[in-house]
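Each chain is listed here by its residues.
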Amino acid sequence: MTAIDPTRSELHQRLTMELADRLTEPALRCEEGEVRDLDRNRVVRVSDHDVGTAARCQAKAAAMPSEFEPNIFTTSRAVALRSMRWLRRTGSVVDAVGHTMRQARRADHDASDDAPTPDIDWLGEYLADPAAAPIDVRVRIAARATTWLTTTLDVLGVDDPQRTRGWRFDIRPRWRYPGRGLALDGRVDLALPAAGNHSPVFVLSTLHPAVLDQAAFNICLWTINQRKPPDEVLVVELPTATLHRLPTDELFDRGVDAAARAAHAVTARTPEASRPTVGLTRTPSGFTCSACAWAHGCEAKAEFDRQPAHRGGIQLTPSPRTTD
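Draft legend 1. Local environment of the overall build of the chain. For the chain, the count of helices and strands is 13 helices and 10 strands. Taking all 324 residues of the chain together, the buried fraction comes to 45%. Long-range contacts, defined here as pairs at least 24 residues apart, represent 65% of the contacts in the chain between residues at least 6 apart.

Draft legend 2. Inspection of the nonpolar core at higher detail. Residues L19, L23, V46, W175, L184 and F202 are the most contacted members of the largest nonpolar core, which totals 53 residues. Each of domain 1 (1–277) and domain 2 (283–323) accounts for three or more of the residues forming this core. Discounting chain neighbours no more than four positions away, the residues touching W175 are T16, L19, A20, L23, L182, A183, L184, L221 and I224. By size, the runner-up hydrophobic cluster in this structure holds 34 residues, among which are V93, L123, A142 and A145.

Draft legend 3. Focus on the sheet that holds strand β7 (residues 233–237). The sheet built from five strands is open, its strands ordered β2-β5-β6-β7-β8 with mixed pairing. This sheet does not close on itself; its edge strands, each paired only once, are β2 (168–171) and β8 (242–246). Here the average twist between neighbouring strands, direction ignored, is 30 degrees. Taken together, the five bridges between strand β5 (residues 188–194) and strand β6 (residues 197–204) define a ladder with antiparallel strand orientation. Across the sheet, P193 pairs through a bridge with H198, a residue of β6.

Draft legend 4. Spotlight on the pattern of salt bridges. Enumeration according to the criterion identifies 15 salt bridges in this entry. Put simply, R22 and D257 hold a salt bridge, and the shortest N to O gap is 2.8 Å. Pair noted here: R22 is in helix α1 (residues 11–22) and D257 is in helix α11 (residues 251–266), with a separation of 235 residues, a long-range link. Residue classification places R22 among the partly exposed positions, given a relative accessible area of 27%. For the salt bridge of R174 with D185, the shortest nitrogen-to-oxygen distance reads 3.9 Å. In this pair, R174 is assigned in strand β3 (residues 174–176) and D185 in strand β4 (residues 182–185), connecting sequence segments 11 residues apart. Residue classification places R174 among the partly exposed residues on the basis of a relative accessible area of 42%. Classification of D185 by relative accessible area gives buried; the value is 16%.

Basis of the calculations
Just so you know, the residues in each chain are numbered from 1, in the order the chain's sequence is written. Since the coordinates come from a predicted model, pLDDT governs what is reported: local features require at least 70, and pairs of side-chain atoms require 80 or more to be given and counted, while whole-chain, interface and lining totals use all residues. Hydrogens and water are ignored here; the side-chain numbers use all heavy atoms of the structure. Secondary structure counts use DSSP, requiring at least four H or I residues in a row for a helix and at least two E residues in a row for a strand, with both numbered from the N terminus. Note on exposure labels: buried denotes an accessible area under 20% of the residue type's maximum, exposed denotes more than 50%, and partly exposed covers the range between, all computed with a 1.4 Å probe on protein chains only. A contact between two residues is defined here by any heavy atoms of the two lying within 4.5 Å. Throughout this description, the term nonpolar core refers to a set of buried Ala, Val, Leu, Ile, Met, Phe, Trp, Tyr and Cys residues connected via side-chain atoms within 4.5 Å. Residue ranges for the domains trace back to a domain assignment, done automatically or taken from a database. Strand pairing requires that DSSP identify at least two bridges connecting the strands. Comment: axis = line fitted to C-alpha atoms, over the contacting stretch for helices; angle = value between 0 and 180 degrees taken between N-to-C directions. Whenever a carboxyl oxygen of Asp or Glu lies within 4 Å of a side-chain nitrogen of Lys or Arg, that contact is scored as a salt bridge.

Here you go:
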């Protein structure tokens, strides 16, 4: 693929053409018709999560996904992002997080109030369920969300909540393949205003290549939606409280590659008892295979398991060829 010049004003058009070209084969496996005209269950959606999964093991991304179940990690991140809307009003991260959680559980809602009705969705249902989220779990969620926000603001050099004016949060850039029921759904954590533009910010727990593929994928969709590339792309690495600037000239080709890899996998999904009819790469590892529906019958995993384990240069398991 020809390298894409990010300095060109028509970059969003070139990205659109690149995606349309690279996704032709998977798109032909989808329903005919525009996404907006098709029933939701007839549209194949490729999310940034699918991109990260396919980057680790393309075949795993082709397995039927399990139903989404909220947990302390996904919930605390959602609380942190939604707390951004209250940060300037409360002037405190702790107060913003507390207000967000109360609103989500509807504890603060009164029909006589003029305040907007809080969101009613998976987060509110989860936090209001005493079995799923008892008080000790809610305390942990609030603590994690507070740490997420505090660390992010500190790394970005923000010491006054008023300086978050104009920030956007939890942005969902999208792209639809023309004439087919194939949709790419992205997610950007934050966007900071910068001289007539916005700088996307990703808050990550690791800089694993698969996670960077997700960021590149999201930046492609962001650029198409905004009709211009960002001046810079920032990454807050939470565990080390470090700020990174991604080289934008390397993101666009990487993002298109990641989108194509994931789309080929997702559009090849079949029932768990079957195997995808499309040839997909398999990259087994202890982490990747742990939650894979096909792990029990995967030849690549079986070969991986037969390899001797090492730690610190010491072989922990005997080689299959070793005899007594």
